[in-house]
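Residue-level structure breakdown
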Amino acid sequence: MMMMGLVKWVNLFIMFHLFAATKPIMASSDSSKFLNLAKEPRVFDWMVEIRRKIHENPELGYEEFKTSELVRTELDKLGIPYKYPVAITGVVAFIGTKKPPFVAVRADMDALPMQELVEWEHKSKVNGKMHACGHDAHVAMLLGAAKILKEHEKDIQGTVVLVFQPAEEGGGGAKEILDAGALENVSAIFGLHVAPKLPIGVVASRSGSFFAGSGFFEAVISGKGGHAAIPQHSIDPILAASNVIVSLQHIISREADPLDSQVVTVAKFQGGGAFNVIPDSVTIGGTFRAFSTESFMQLRQRIEQVITKQASVQRCNATVSFLNDKPFFPPTVNHVELHDYFQSVAGSVLGHDKVTDIQPLMGSEDFSFYQQVIPGYFFLLGMENTAVEHLESPHSPHFKVNEDALPYGAALHASLAANYLVKIHQDSPVVKDEKHHDEL
């Protein structure tokens, strides 16, 4: 009997070690392996090539047809199925069991309407368009993650949904992805943005409010044109617009709570075409930001009131538009429970000393649309190497991407998605496979 018991325990011991030796690469303790894979030349060089192709051919929101075609071509080569078109140019791809649970990872694809001033071999070939916000790198990193995950698809405990999204730059592409029903059964979604002022290999984020909500406004202030030498015969809209711009700043300095960060910026002023002619009208426009919906709506109301009333003081009329074609971006609010999860996974990939907290930022992100309906988490990925050069901020014509950051983004995408599926199974060992919830 004792010998039979000993044999039983020996067999159990052998089985345990065999299981440990063959555990999937997705295990949290192995997340750093994803980074090593992403740094391999076959993956890194491939991502760099993709990023440069996209950079040379920038496309604006909902016009990303060539970018989308490139994405689909690479997915086809990898044998990854996808849906297209989603939200005009978007692509939604799938890796894993094609069954629940589902976790999503997102990259935006659109460029900006600006002229690139960086002189290099892969400069934008399209006049007046540039990838000045790093979305070309975002696409390359998500494809890198796709390549890594596909190679370990048999170990994925569910389905990773890859979202190649159009029109982040003011077009609300995330909202269109949601409206298309592409993410109805997704349990969580992750996204990132390259950060040129953050050291390479470092990530930064926070729990709760991260980016502000944002909206746009435009106003036409109309007076009566005439000769600049006899202003008494005119009604000067330039003077009225000038008073409007100054008064708008009083909303922030005298009405907003100093502890509730808000911004109103007039960034557009168009009027007049001659030195000696008072124009009939002036057009101004800008953006406003706040971290709560209540503060945002109060700003919206006061902007309209200040513009119309201040214009009337100068005997002018004013009409205000809040540009319905540019949707209001809600505040970006990171899910509290996902914050601890992100710190754990990112720490295992990069080292816990490379995972940092950051103060809220007044920038905006349409990733916030996802977070209104799905638990979501957004973070910044560092790419500055001061030993090489200081990088310009996004939306600068001199903006550059440090391509050495690509493996970090790809590894984090893959690790966050794959480990989240493991976490779901650990938290709920039996994942229901109801017929009406078995696919996206």
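Only a predicted model underlies this, so the values are computations on that prediction, with no experimental measurement involved.

Focus: the pattern of salt bridges
A complete count under the given rule lists 21 salt bridges for this structure. Between Glu74 and Lys77 there is a salt bridge, with its nearest N and O atoms 3.6 Å apart. With Glu74 and Lys77 both in helix α4 (residues 65-78) and three residues apart, this pair spans about one turn of that helix. On the accessibility criterion, Glu74 (8% relative accessible area) is buried. Of the charged contacts, one joins Asp108 and Arg106 as a salt bridge, the two residues approaching to 3.8 Å between their closest N and O atoms. Comparing Asp108 with Arg106 shows no difference in burial state: the two are buried. A single network of salt bridges, built from pairs that share partners, joins Arg51, Arg52, Asp136 and Glu403.

What about the sheet that holds strand β16 (residues 376-384)?
An order of β1-β2-β4-β3-β5-β16-β6-β15 is seen for the eight strands of this open sheet, with the pairing classed as mixed. Two strands close off the open sheet at either side, each with one partner strand: β1 (82-86) and β15 (355-357). Each strand of the sheet is rotated relative to its neighbour by a mean of 25°, with strand direction disregarded. Looking at chain direction, strand β6 (residues 203-205) and β15 are connected through three bridges and run parallel. Counterpart to Ser205 in the pairing with β15 is Asp357. Across the sheet, α4 touches β1, β2 (90-96) and β4 (159-165), and the angle it forms with β1 is around 170°. Across the face of the sheet, helix α5 (residues 135-151) comes into contact with β2, β3 (102-108), β4, β5 (186-199) and β16 while running at roughly 145° to β3.

Things to note about the packing of aromatic side chains
All chains considered together, the criterion is met by 14 aromatic pairs. Considering the side-chain rings of Phe288 and Phe322, the 5.9 Å spacing of their centres and the 75° angle between planes classify their relative orientation as edge-to-face. Placement of the pair is Phe288 in strand β12 (residues 281-290) and Phe322 in the loop between β13 (317-321) and β14 (332-334), with a sequence separation of 34 residues. On the basis of relative accessibility, which here comes to 1%, the residue Phe288 falls in the buried class. Measuring from ring centre to ring centre gives 4.7 Å for Phe342 and Phe379, while their planes differ by 35°; the resulting arrangement is tilted.

Here's the deal with the sheet that holds strand β8 (residues 213-222)
Read from one edge to the other, the open sheet built from four strands follows the order β10-β12-β8-β13, with strand pairing classed as antiparallel. Two strands bound the open sheet, and with one partner strand each, they are β10 (262-270) and β13. Recorded for the sheet is a direction-independent mean angle of 20° between the axes of neighbouring strands. Two elements, β8 and β13, share five bridges in a ladder whose sense is antiparallel. By the bridge assignment for β13, Ile221 is matched with Ala318.

Structural notes on a nonpolar patch on the surface
A cluster of nonpolar side chains, Phe65, Tyr84 and Ile88, forms an exposed patch at the surface whose accessible area comes to about 280 Å². Along the chain, the position of Ile88 falls in the loop between β1 and β2.

What about the UniProt feature "domain: Peptidase M20 dimerisation" (unreviewed entry) in the protein?
Following the UniProt record, the feature "domain: Peptidase M20 dimerisation" (unreviewed entry) maps to residues 213-311 here. In this annotation, residues 213-311 is assigned 37% helix and 33% strand; the end-to-end C-alpha distance for the span is 27 Å.

Observations concerning helix α8 (residues 293-313)
Taking 1.5 Å of rise per residue, the 21 residues of α8 would be expected to cover 30 Å, and the 30 Å separating its terminal C-alpha atoms lies within 8% of that figure. Looking at α8, one finds that the buried residues are Ser295, Phe296, Leu299, Ile303, Val306, Ile307 and Ala311. All buried residues of α8 lie within an arc of 110° about the axis, which places them on one face of the element. Exposed positions of α8 whose direction lies more than 90 degrees from the buried face are Glu294, Lys309 and Val313. Tucked into the core, α8 has its buried residues touching β8, α7 (237-254), β10, β12 and β13.

Parameters at a glance
- Every residue gets a number counted from 1 within its own chain, in the order that chain's sequence is written.
- Local features are withheld for residues below a pLDDT of 70 in this predicted model, meaning they are given only at 70 or higher, and side-chain atom pairs are given and counted only at 80 or more; totals for whole chains, interfaces and linings count all residues.
- As a convention, hydrogens and water are excluded, and side-chain values are obtained from all of the structure's heavy atoms.
- Between Lys or Arg on one side and Asp or Glu on the other, a salt bridge is scored when a side-chain nitrogen of the former is within 4 Å of a carboxyl oxygen of the latter.
- For the purposes of this entry, the term helix denotes a DSSP run of H or I that reaches at least four residues, the term strand denotes a run of E that reaches at least two, and both are numbered from the N terminus.
- Only protein chains enter the calculation, and the probe is 1.4 Å; a residue is then buried if its accessible area is under 20% of its type maximum, exposed if over 50%, and partly exposed in between.
- Two strands pair if DSSP finds at least two bridges between them.
- In this description, a line fitted to the C-alpha atoms serves as the axis of each element, helices being fitted only across the stretch in contact, and the angle between N-to-C directions of two axes falls anywhere from 0 to 180 degrees.
- Contact definition: two residues touch when any of their heavy atoms are within 4.5 Å.
- Any Phe, Tyr or Trp ring, taking Trp's six-membered ring, that has another such ring centre within 6.5 Å forms a pair; planes under 30 degrees apart are called stacked, those over 60 apart edge-to-face, and the others tilted.
- Patch criteria: residues need more than 30% relative accessible area and no salt bridge. Like-charged residues are merged within 9 Å; nonpolar side chains of Val, Leu, Ile, Met, Phe, Trp and Tyr are merged within 5 Å.
- Only the protein chains shown count as cover for residues, and the accessible areas themselves come from Shrake-Rupley with a 1.4 Å probe.
- UniProt positions are given in the numbering used here, feature names are shortened, and annotations may be inferred rather than shown by experiment.
- Expected helix span is taken as 1.5 Å per residue step, with the number of steps being one fewer than the number of residues.
- Directions drawn from the helix axis to the C-beta atoms are what define this arc.

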